Amino acid sequence: MRQRRPPRLLAPLTLTLILALAAGGVRCDSLAHVDPLIGTTNGGNVFPGATRPYGLAKAVADVDGQNTGGFGLDGSNVTGFSSVHDSGTGGNPSLGNFPLFPQLCDGDDLNACRFRIGDRKVHYKNGSVKAEPGRFAIELDNGVSADMTVSDHAALYRFNFAGATGGSSDKHPLVLLDLTDLWQSRQNASVRVDEHSGRMVGNGTFLPSFGAGSYVLHFCVDFFGADVHDTGVWVNSRAGTEPKTISLTRGFNLFYIEGGAFARFNPHRDDTVTARVGVSFKSAEQACRSAEREIPNPLSDFNRLVRSAKDAWREKLSPIGIKQGGATDDLVKSFWSGAYRNMISPQNYTGENPYWDTGNPYFDSFYCLWDSFRAQHPLLTILDPHAQTQMVQTLLDIYKNEGWLPDCHMSMCKGWTQGGSNADTMLADAYVKNLSTSIDWELALKAIINDAENEPHEWSYHGRGGLQSWRKLDYIPYLDFDPLGFGTNSRSVSRTLEYSYNDFCLATVAEGLGKMDTHLKYMKRSMNWQNVWKEDQISIINGTDTGFKGFFQPKYMNGTWGYQDPIACSALAGFCSLTSNPSETFEASIWQYLFFVPHATSSLISLLGGDDAFVKRLNFFHTSGLADISNEPVFLTVYLYHYAGRPALSTERIHTYVPKSFNSSPGGLPGNDDSGAMGAFLFFSVMGLFPVAGQNVYLISPPFFEEVSIRSPQTGQKATVRNIGFDPSYKKVYVQKATVNGKPWTKSWIGHEFFTEGWTLELTLGTEESDWGTKPGDRPPSWVS
């Protein structure tokens, strides 16, 4: 086994010094290149509304079409305006609780108003959507327009009825509150409305969209700018001014009852009703306090809040600098927008956790680490190590209070585990990159060992399953007998591969902390992936043998082989997930998982027959329709040519995927953004340094711009990747030679010290593949048994 010395920890600079250093150079306004609407069609599922970095309050129009992130630019109907959302999640729509909906009642008759979602929904006007960091605006076909912004825990809406009233002074605009969420998962909820002020307070119990249990969310709504005419509550399609409270259950035989509260207003000279919505996971009182503290003057605070949000976003994006060098504006916009989306979630719920308060910041909406450990969290380690440190500390706080590291966590609930215990990898990545001296690494190691050795009774939402077999057989068996714990008994192949890498990450942290016996034990276990390798397995597509032999396959407890078609769960054969078509791999085929051995790729290359055979397989994978660029497992495969001594082929491959699959249109992502993972993949690819998560390794490929720089918020040092002989037509994309700080650099990879110590990497480009990075000693590190 190759061994590494413990990493050297760096002390962070003070915020004052960081800001002073960041101000030292001339930078463009990064927000001019951010478009929150990228990914609002084509399954991107991004949240395009008003938010601050990692903010709890997220205001946007909700639609009945592509609404996983609340709003989709798909021409569907607006059903309300709500103040909490997640971004880039798949499956069921997330959050969207307690939407407001403004309207005029026909004939000014309360009973003629449309309360139910199916009745009140209305199209928005094409071209009326305006989205920018900290603000979202839209105009509805009924003539009502909405403009919104946020603080950290509250949203501010301005509903203008001028287009609906037509100047009439005898109509009373109505704003209803619906005790629902986007998924209509409400179990029970209640609201009380004040007859004089119109204040609405209440709460509801809801289900997480990808997890177990339930959560309670509280709200506080105040209205300004117009006098209250009357108030009341509504149920289904009827409303009345008495009573002033209502409490809803799920309904008879689980029939979903719609209901909530309303307030109508006397006509006002500017036809505008302003609504302030505070939200809290603790209490309605806290929701009210937060709203009053953060938005004390609702009628005059709107522009201040927009400016404050923009300033916060500029600060978060300030470490980044680029020299475009003739690259397209479309790519520039995609690049900056990708960085922006990585700071929407996870969300800072500090002070909002109803279960414990350690005094540390608390983040939630880790949705899910299986998606985000590969690129999103490595990107935050570079751009915002302070927030990433708080996220790591949150994972450890969850371990201390819930007993396990999460693999997925949202709305205070445990989320479903998709594969391995990926918090292990996230912690190891932070450790090898010297993220912070404030992290308790001994506790981190204890938490990772807990994942590796102790099987929870319910391993669907934390920990690992099948550990009895894992220790005895050195793989996860197909149709495992596991009486110790219970979960979705599938994914035996992908879990074997992921557990192997999780154990490597454990070994890495143990080595750094000087625990060599632990290091050696788990390095040995990290090679368990070899035990599901079937050397004579072939792959046939449409009746034709692909010519490749040797694939991972499911294996029974007695050592005999099961079978899964290597192309199953690929784009050629249909998607596999936990709930639809569960299989022995998760959301990807055996062909794709063939390449997931990040710590021992050289061993995999030998198993496949050497460098040329490995390259041939990779080429077939990426050109046959088997590679799915819309999902995270494919990310690293784009760059695996580095390990075979062919980094130029990684460059060729990414120069195929970026122009084909990423652009700045609303459909400009190849698939679900997964909390920013797609944006992070693009960012690293364009920057020319791709991380191998869990290792101190970035794979070098020429940037898509003439120059990209990152000023480390941790040390204040500026790191630069610069192309010499940059060609914006991308005919010259092959590295001929490289220097670091003026000295020759022959390795095809570089460590995190590049960022923290502020190195300059210069790449001289040419039109043909060279011998740079091809020698065995210049390839990325890889472990062999």
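The structure presented is a predicted model; accordingly, all values stated were derived computationally and were not measured.

1. Some remarks on the overall build of the chain
In step 1: When helices and strands are counted, the chain shows 20 helices and 32 strands.
In step 2: Rg of the C-alpha trace for the chain: 27 Å, near the compact-globule value of 28 Å for 785 residues, within the 12% margin.
In step 3: Oriented by its inertia axes, the alpha-carbon framework of the chain measures out at about 80 × 60 × 55 Å.
In step 4: For the chain, the residues scored as buried account for 64% of the 785 residues in total.
In step 5: Of the roughly 26400 Å² of accessible surface on the chain, a fraction of 49% belongs to carbon and sulfur atoms.
In step 6: Seen as two clouds, the 68 positive and the 81 negative side-chain charges of the chain have centres 4 Å apart.

2. A short note on the packing of helix 8 (residues 376-383) against helix 9 (residues 385-402)
In step 1: Across the interface, helix 8 lies against helix 9 with an axial gap of 6 Å and an inter-helix angle of 130 degrees. In terms of orientation, helix 8 lies oblique with respect to helix 9. From helix 8, H377, L380, T381, I382 and L383 reach across to helix 9, where they touch P385, Q388 and M391.
In step 2: Here the contact of helix 8 with helix 9 is built from residues that sort into five nonpolar, three polar and no charged.

3. Digging into the UniProt feature "domain: Glycosyl hydrolase family" (unreviewed entry) in the chain
In step 1: With numbering aligned to this structure, UniProt lists the feature "domain: Glycosyl hydrolase family" (unreviewed entry) at residues 286-766.
In step 2: Taken as a whole, residues 286-766 contains 38% helix and 14% strand, while its terminal C-alpha atoms sit 61 Å from one another.

4. A closer look at the sheet that holds strand 27 (residues 707-711)
In step 1: With mixed pairing, the six strands of this open sheet are ordered in space as 18-27-28-32-29-30. Edge positions in the open sheet fall to strand 18 (320-323) and strand 30 (743-744), since each of these has one partner strand only.
In step 2: Along the sheet, helix 6 (residues 329-341) contacts strand 18 and strand 27; its crossing angle with strand 18, the most-contacted strand, is approximately 170 degrees.

5. Comments concerning the packing of helix 11 (residues 441-453) against helix 14 (residues 516-525)
In step 1: Between helix 11 and helix 14, the shortest axis-to-axis distance is 13 Å and the interhelical angle comes to 40 degrees. In terms of orientation, helix 11 lies oblique with respect to helix 14. Crossing hand, helix 11 versus helix 14: left-handed. Packed against helix 11, whose contacting residues are I449, A452 and E453, the element helix 14 presents T518, K521, Y522 and R525 at the interface.
In step 2: Per-class residue counts for the contact of helix 11 with helix 14 are three nonpolar, one polar and three charged.

6. Structural notes on the pattern of salt bridges
Close approach of charged atoms allows side chains of opposite charge to pair.
In step 1: Taken as a whole, this structure holds 34 salt bridges when the rule is applied.
In step 2: Of the charged contacts, one joins K433 and D429 as a salt bridge, the two residues approaching to 2.9 Å between their closest N and O atoms.
In step 3: Accessibility expressed as a relative area gives 3% for D429, which makes it buried.
In step 4: Between E442 and K515 there is a salt bridge, and its shortest N-O distance comes to 3.6 Å. Of the two residues, E442 sits in helix 11 while K515 sits in the loop between helix 13 (492-512) and helix 14, which places them 73 residues apart along the sequence.
In step 5: Given a relative accessible area of 42%, E442 falls into the partly exposed group.
In step 6: The network of salt bridges with common partners includes D424, E453, R464, R471, D503, K521 and R525.

7. A look at the side chain of Q286
In step 1: Among the secondary structure elements, Q286 is positioned in helix 4 (residues 284-294).
In step 2: Overall, Q286 belongs to the buried group, its relative accessible area being 16%.
In step 3: A distance of 2.9 Å separates a polar side-chain atom of Q286 from the backbone oxygen of G351.

8. Structural notes on the packing of aromatic side chains
In step 1: Considering all chains together, one arrives at 45 aromatic pairs under this definition.
In step 2: A ring pair is formed by Y431 and W441, whose centres lie 5.0 Å apart and whose planes are at 75 degrees; its orientation type is edge-to-face. Here Y431 is found in helix 10 (residues 423-432), whereas its partner W441 is found in helix 11, with ten residues between them in sequence. Residues Y431 and W441 agree in their burial class; the two are buried.
In step 3: Note on Y501 and F504: the rings are 5.6 Å apart at their centroids and 15 degrees apart in plane angle, and the pair reads as stacked. Taken together, the residues Y501 and F504, both in helix 13 and three residues apart, mark about one turn of the helix. The pair formed by Y501 and F504 is uniform in burial state, with each residue classed as buried.
In step 4: Here a set of aromatic residues connected by ring pairs shows up, and it is made of F335, W336, F635, Y639, F662, F681, F683, F684, F690 and F705.
In step 5: Lying over the aromatic face of W745, K747 brings its terminal NZ or CZ to 5.6 Å of the ring centre.

9. Observations regarding helix 4
In step 1: Listing the buried residues of helix 4 in full gives A284, Q286, A287, C288, S290, A291 and E294.
In step 2: At its buried positions, helix 4 is contacted by strand 8 (154-160), strand 11 (200-206), strand 12 (215-224), strand 17 (272-280) and helix 5 (302-317).

10. Comments concerning unusual backbone geometry
Where the residue is not glycine, phi is negative for most of them; where a peptide bond is considered, it is trans in most cases.
In step 1: Between E242 and the following residue, P243, the backbone shows a cis peptide bond with an omega angle of 0 degrees.
In step 2: With respect to the helices and strands, P243 occurs in the loop between strand 14 (238-240) and strand 15 (245-249).
In step 3: Cis geometry is found at the peptide bond from Y367 to C368, where omega equals 0 degrees.
In step 4: Positionally, C368 belongs in the loop between strand 20 (363-364) and helix 7 (369-372).
In step 5: Even without being a glycine, D474 presents a positive backbone phi close to 70 degrees.

11. Considerations on the state of the cysteines
In step 1: For the structure on display, the rule yields four disulfides.
In step 2: Across the disulfide from C105 sits C113; the S-S distance is 1.8 Å. Where C105 bonds to C113 through sulfur, the torsion about that S-S bond is close to -85 degrees, and the disulfide is left-handed.
In step 3: The buried category is assigned to C105, whose relative accessible area is 6%.

12. Observations regarding the nonpolar core
In step 1: Formed by 218 residues in total, the largest nonpolar core has its most connected members in F71, F81, I138, Y157, M200 and L689.
In step 2: Ranked by size, the runner-up nonpolar core spans seven residues in total, among them L156, A291, I295 and F302.

13. A short note on the pairing of strand 32 (residues 760-766)
In step 1: Relative to strand 32, strand 28 (residues 718-724) is paired through five bridges, and the arrangement is parallel. Paired with I724 across the bridge in strand 32 is T764.
In step 2: Of the pairings in the sheet, the one linking strand 29 (residues 734-740) to strand 32 comprises six bridges and is antiparallel in character. Across the sheet, the residue bridging to A738 is L763, located in strand 32.

14. Examining the environment of Y563
In step 1: Along the chain, Y563 turns up in the loop between strand 24 (544-552) and helix 15 (590-593).
In step 2: Y563 gets classed as exposed once you look at its relative accessible area, which sits at 53%.
In step 3: Separated by 208 residues in sequence, Y563 and D771 place their C-alpha atoms 41 Å apart.

15. Notes on the environment of L520
In step 1: Among the structural elements, L520 can be located in helix 14.
In step 2: Spatially, the C-alpha atoms of L520 and T165 are 75 Å apart, while their sequence positions differ by 355 residues.

16. Re the confidence of the model for the chain
In step 1: Per-chain confidence: the chain averages 94 in pLDDT, with 96% of residues scoring 70 or above.
In step 2: Across the chain, the element-wise mean pLDDT spans from 38 in helix 1 (residues 15-22) up to 99 in strand 26 (residues 698-700).
In step 3: Counting contacts from residues 1-26, a segment whose pLDDT is below 50, to residues more than four positions away or on other chains yields 47 contacts.

17. As for the pairing of strand 6 (residues 135-139)
Regular strands have side chains that alternate between both faces of the sheet.
In step 1: Taken together, the three bridges between strand 5 (residues 130-132) and strand 6 define a ladder with antiparallel strand orientation. Bridge pairing in strand 6 places E132 opposite R135.
In step 2: The loop that links strand 5 with its antiparallel partner strand 6 comprises two residues; one of these, G134, has a positive phi angle of about 90 degrees.
In step 3: Sheet topology places strand 6 next to strand 7 (residues 145-150); four bridges connect them, and they run antiparallel. By the bridge assignment, I138 is partnered in strand 7 with A146.
In step 4: Hairpin connection from strand 6 to strand 7: five residues lie between these consecutive antiparallel strands, with G143 at a positive phi of about 95 degrees.

Analysis parameters
Per chain, residues are indexed from 1 in the order of the written sequence. Totals for whole chains, interfaces and linings use every residue, but because this is a predicted model, local features are given only for residues with pLDDT of at least 70 and side-chain atom pairs only at 80 or more, for both listing and counting. With hydrogens and water excluded, all non-hydrogen atoms of the structure serve as input to the side-chain values. Helix numbers and strand numbers start at the N terminus; a helix is a DSSP run of H or I with at least 4 residues, a strand a run of E with at least 2. Using C-alpha atoms as the atom set, the radius of gyration is obtained and then compared with a globule rule of 2.2 Å times the number of residues to the power 0.38. A 1.4 Å probe rolled over the protein chains alone gives each residue an accessible area, and that area as a share of the maximum for its type sets the label: buried under 20%, exposed over 50%, partly exposed in between. To be clear on the numbers: accessible area is Shrake-Rupley with a 1.4 Å probe, and residue cover counts the displayed protein chains and nothing else. The charge count treats Lys and Arg as positive and Asp and Glu as negative. His and the chain ends do not count. Taken as the charge centre is NZ of Lys, CZ of Arg, CG of Asp or CD of Glu, depending on the residue. For helices, the axis comes from a line fit to the C-alpha atoms of the stretch in contact; other axes are also lines fit to C-alpha atoms, and the angle between any two N-to-C directions lies between 0 and 180 degrees. An angle counts as roughly parallel when it lies under 35 degrees, as roughly antiparallel when it exceeds 145, as roughly perpendicular when it falls between 65 and 115, and as oblique in every other case. Whether two residues touch is decided by their heavy atoms; if any such pair falls within 4.5 Å, the residues are in contact. The nonpolar class holds Ala, Val, Leu, Ile, Met, Phe, Trp, Tyr, Cys and Pro. Asp, Glu, Lys and Arg form the charged class, and all remaining residues, Gly among them, are polar. UniProt positions are given in the numbering used here, feature names are shortened, and annotations may be inferred rather than shown by experiment. Pairing between strands requires that DSSP locate at least two bridges from one strand to the other. By definition, turning the near helix anticlockwise from the far helix through less than a right angle yields a left-handed crossing, and turning it clockwise yields a right-handed one. Put simply, a salt bridge is a Lys or Arg side-chain nitrogen that is within 4 Å of an Asp or Glu carboxyl oxygen. Pairs of N or O atoms within 3.5 Å make up the polar contacts considered here, provided that, within protein, one atom can donate a hydrogen while the other can accept it, and that residues adjacent in sequence are counted only when both atoms are side-chain atoms. Put simply, two rings from Phe, Tyr or Trp (the six-membered ring, in Trp's case) pair if the centres are within 6.5 Å, and we call them stacked under 30 degrees between planes, edge-to-face over 60, tilted for the rest. Think of it as a cone above the ring: NZ of Lys or CZ of Arg counts as a charge over the ring if it is within 6 Å of the ring centre and within 35 degrees of the ring normal. Disulfide assignment relies on a single distance test, namely cysteine sulfur atoms paired within 2.5 Å. Here, nonpolar core means buried Ala, Val, Leu, Ile, Met, Phe, Trp, Tyr and Cys residues that are tied together by side-chain atoms lying within 4.5 Å of each other. One confidence number per residue, pLDDT, is output by the predictor and ranges from 0 to 100.

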